[in-house]
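# Structural overview
If you want the building blocks of each chain, they are given just below.
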Amino acid sequence: MSRPRLRLVEVGPRDGLQTAGAAVSTDAKVAFVDALSLSGLREIETGAFVSPKAVPEMADSAQVFSRIKRKPGVLYSALVPNDKGLDAALAAGADKIAIFTAASETFNKKNINASIAESIDRFKTVVPAAQSKKLPVRAYVSTAFYCPYEGKIKPEAVVAVIKTLESMSVDEYSIGDTIGRASPDDVRRLLDVLLKAVPVENIFLHFHDTYGMAVANALTAWTEYGVSGFDASTGGVGGCPYAPGASGNVAMEDLVFAFHASGGDTGVDVRALQAAARGLSSALGRPLPSRLGKIAL
Ligand code: HMG
Ligand code: MG
């Protein structure tokens, strides 16, 4: 199997900081995004236009968008749950939007107060409105391996959600191991089914790292299945407020290091990620989970 060039999406400013507490200032978020922009990353999920009651940490996303130094060639994207979120994302100048649903009914209800079908109904106005402004659209499918409430999720449930999204012609799917519990065998079981239904270039995998298996999962998907799209969060911060026990995303610097060590081409400078993580760590006043954060290269 040939190994395609990697396409990495930084989700730290959104997924990483959405559970960080109100202590993270807008200044610190802007500094984090600006540092990430210098690393060679091509896409940075910069904030979320969700209810401030649901996720207070993202309430200043419009200010973050207005103050970052945009680097040409980098896409600054936003998470959006509904029309109201899309309007705010457009006003803020987001370059791309990400809608989100799940393969588990219970998680989706807790996360966005909607059944899977209701959430997809909401997207039927959001997606064409974004596309009419020429914005690319990503669709997240969370809890694709395990749900904190329903346990193990069947690969067929993930495919069923994607089938209902297909008519909207979104550009890509990000398949989430929301609670960071998947193993390489779980990844194989899902990809064996998923890649029969969706072209591999439309798939991104979004691993959280609660059980320390995220790098192994990504390498498995890349080397054995040719998946080239991965999400990660510099510093390894984060989690989902509606997925109890979930830890942060796989750290971008750990993932980039693993890909480079395996002959992969990411276009990303690990030292620049380490510098971004150091800045975030001092803003948060605590060490971050990434392994590379503790190693001088
Ligand atoms: P709801 O309460 O059902 O919504 O929440 P509503 O339409 O009844 O509105 C309630 C209030 O929210 C109203 O304000 C609305 O105006 C306001 P009020 O009248 O009470 O003052 N509202 C909004 N405000 C700002 N922006 C908006 C917006 N929409 C409504 N877009 C809703 C439904 C979806 C809004 C809410 O549940 C929500 O915002 N949830 C977001 C949850 C979230 O962000 N979770 C984390 C991200 S998902 C994740 O982390 C997983 C992922 O990383 C992948 C993986 O790891 O698997 C993506
Ligand atoms: Mg996530």
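Everything below is about the structure shown above.
These remarks concern the structure in this document. (Residues numbered from 1 in each chain as written. Chains lettered and ligands numbered in written order. Predicted model: local features only at pLDDT ≥ 70, side-chain atom pairs only at ≥ 80, totals over all residues. Heavy atoms only, no water.)

### Considering the coordination of the magnesium ion (ligand 2)
The condition that has to hold: Think of the donor list as every N, O and S atom within 2.8 Å of the metal, or within 3.2 Å for Na, K and Ca; water never makes the list, so a site can look incomplete. The buried label goes to any residue with under 20% of its type's maximum accessible area, the exposed label to any with over 50%, and the partly exposed label to all in between, with areas taken from a 1.4 Å probe on protein chains only.
Around the magnesium ion (ligand 2), the protein contributes the donor atoms Asp15 (OD), His206 (NE2) and His208 (NE2), which lie 2.0 to 2.3 Å from the metal centre. Given a relative accessible area of 3%, His208 falls into the buried group.

### Considering the nonpolar core
For clarity, the threshold we go by: Only buried residues count toward a nonpolar core. Its members are Ala, Val, Leu, Ile, Met, Phe, Trp, Tyr and Cys residues joined through side-chain atoms within 4.5 Å. Contact between two residues is taken to exist if any of their heavy atoms lie within 4.5 Å; hydrogens are not considered.
Judged by nonpolar contacts, the single largest core of 101 residues is most densely connected at Ile97, Ile99, Val158, Leu165, Ile175, Leu194 and Phe230. Apart from the residues lying within four places of it in its own chain, the contact partners of Ile99 are Val80, Phe123, Val126, Val127, Val137, Arg138, Ala139, Tyr140, Leu165 and Val170.

### What to know about the site of ligand 1
For the record, the criterion: Whether a residue is near a molecule or strand is decided by its heavy atoms; if any one of them lies within 4 Å of it, the residue is near. N or O atoms within 3.5 Å of each other form a polar contact, as long as, within protein, one can give a hydrogen and the other can take it, and as long as residues adjacent in sequence are counted only when both atoms are side-chain atoms. Where accessible areas are quoted, they stem from the Shrake-Rupley method and a 1.4 Å probe; at the residue level, only the protein chains shown are allowed to cover.
Gln18, Ser51, Lys53, Asn113 and Thr178 are the nearest of the 27 residues found near ligand 1. One of the side-chain N or O atoms of Asp15 is found 2.9 Å from an oxygen atom in ligand 1. Take Gly85: an N or O atom from its main chain is 3.3 Å from a nitrogen atom of ligand 1. Contact with the protein chains hides 73% of the accessible area of ligand 1, taken as 1,100 Å² for the molecule alone.

### Some remarks on helix α6 (residues 116–132)
The line we're drawing: In this text, helices come from DSSP runs of H or I with a minimum length of four residues, and strands from runs of E with a minimum of two, each type numbered from the N-terminal end. A helix's residues, less one, multiplied by 1.5 Å, set its expected span. Bending is quantified residue by residue as the angle between axes fitted to the seven-residue window ending at that residue and the seven-residue window starting at it.
Here α6 spans 24 Å end to end across 17 residues, near enough to the 24 Å set by a 1.5 Å rise per residue. Residue Phe123 marks the point of greatest curvature in α6, where the axis turns by about 35 degrees. Restricting attention to buried positions, one finds in α6 the residues Ile116, Ser119, Ile120, Phe123, Val126, Val127 and Ala130. Lining the buried residues of α6 we find α4 (83–92), β4 (96–102), α5 (105–112), β5 (137–142) and α7 (155–166). Among the residues trailing α6, Lys134 stands out with phi positive, at a value near 65 degrees.

Scope: geometric values only; no functional claims are made or implied.
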